[in-house]
Amino acid sequence: MLRHEFQPGKLVAGLFLALAGVIYAGDAGGAWEAPWFVAIPVVTGGLFLAGAVGLLARSVRGRRRAGREREGPAGARPDASV
């Protein structure tokens, strides 16, 4: 059982921020040279993508909840006549 709701936007944001950290850690360790401004497009692009993923996930989640509210408790539609 999940303890909290899955939020893919936060996952994407965390991955891009970790990527920026890895880029600068590699630069500090001497593995490669990274210009100082490389973090700006990585972080900005990652936050933009995280926002888009979050909006998409929220819209999908909203449609699923709206469908469940219409069906009722036993899966029967409230407007269906017997």
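Heads up: the structure comes first, above all this text.
Bear in mind the structure is a predicted one, so any value in this text is a computation, not a measurement.

What counts, and at which threshold
Residues numbered from 1 in each chain as written. Predicted model: local features only at pLDDT ≥ 70, side-chain atom pairs only at ≥ 80, totals over all residues. Heavy atoms only, no water. Phe/Tyr/Trp six-rings, centres within 6.5 Å; stacked < 30°, edge-to-face > 60°. Buried < 20%, exposed > 50% of the residue type's maximum accessible area, 1.4 Å probe, protein only. Helix = DSSP H or I, 4+ residues; strand = E, 2+ residues; numbered from the N terminus. Polar contact = N/O pair within 3.5 Å; in protein donor to acceptor, adjacent residues only side chain to side chain. Expected span 1.5 Å × (residues − 1). Arc of directions from axis to C-beta.

*Asks:* Got a minute to help me understand the packing of aromatic side chains in this structure?
*Replies:* To describe a pair of aromatic rings, you give the distance between the ring centres and the angle between the ring planes. All told, the structure shown has one aromatic pair when counted by the stated rule. Relative to Phe-37, the ring of Trp-36 lies with its centre 5.6 Å away and its plane at 90 degrees, an arrangement referred to as edge-to-face. By relative accessible area, Phe-37 is classed as partly exposed at 45%.

*Asks:* Quick question: what am I supposed to make of the environment of Lys-10 here?
*Replies:* Relative to the assigned elements, Lys-10 resides in helix H1 (residues 8–29). Judged by relative accessible area, which is 61%, Lys-10 ranks as exposed. Residues Lys-10 and Ala-50, 40 residues apart in the sequence, show an inter-C-alpha distance of 6.6 Å. Among the polar contacts listed, one links the side chain of Lys-10 to the side chain of Gln-7, at a separation of 3.0 Å.

*Asks:* Explain the environment of Val-12 here, please?
*Replies:* By the secondary structure assignment, Val-12 is in helix H1. We classify Val-12 as buried; its relative accessible area is 16%. For the pair Val-12 and Phe-48, spaced 36 residues apart in the sequence, the C-alpha separation amounts to 9.8 Å.

*Asks:* What's the story with H1 in this structure? I'm lost.
*Replies:* Since the α-helix packs 3.6 residues into each turn, any two residues three or four apart lie on the same face. Over its 22 residues, H1 runs 31 Å from end to end, which matches the ideal 32 Å to within 8%, given 1.5 Å per residue. Pro-8, Gly-9, Val-12, Ala-13, Ala-20, Ile-23 and Gly-26 are the residues of H1 that are buried. Considered in projection along H1, the buried side chains sweep an arc of 155 degrees and stay on one side of the axis. Among the exposed residues of H1, those oriented more than 90 degrees off its buried face are Lys-10, Ala-28 and Gly-29. A positive phi of about 85 degrees marks Gly-30, the residue just after H1.

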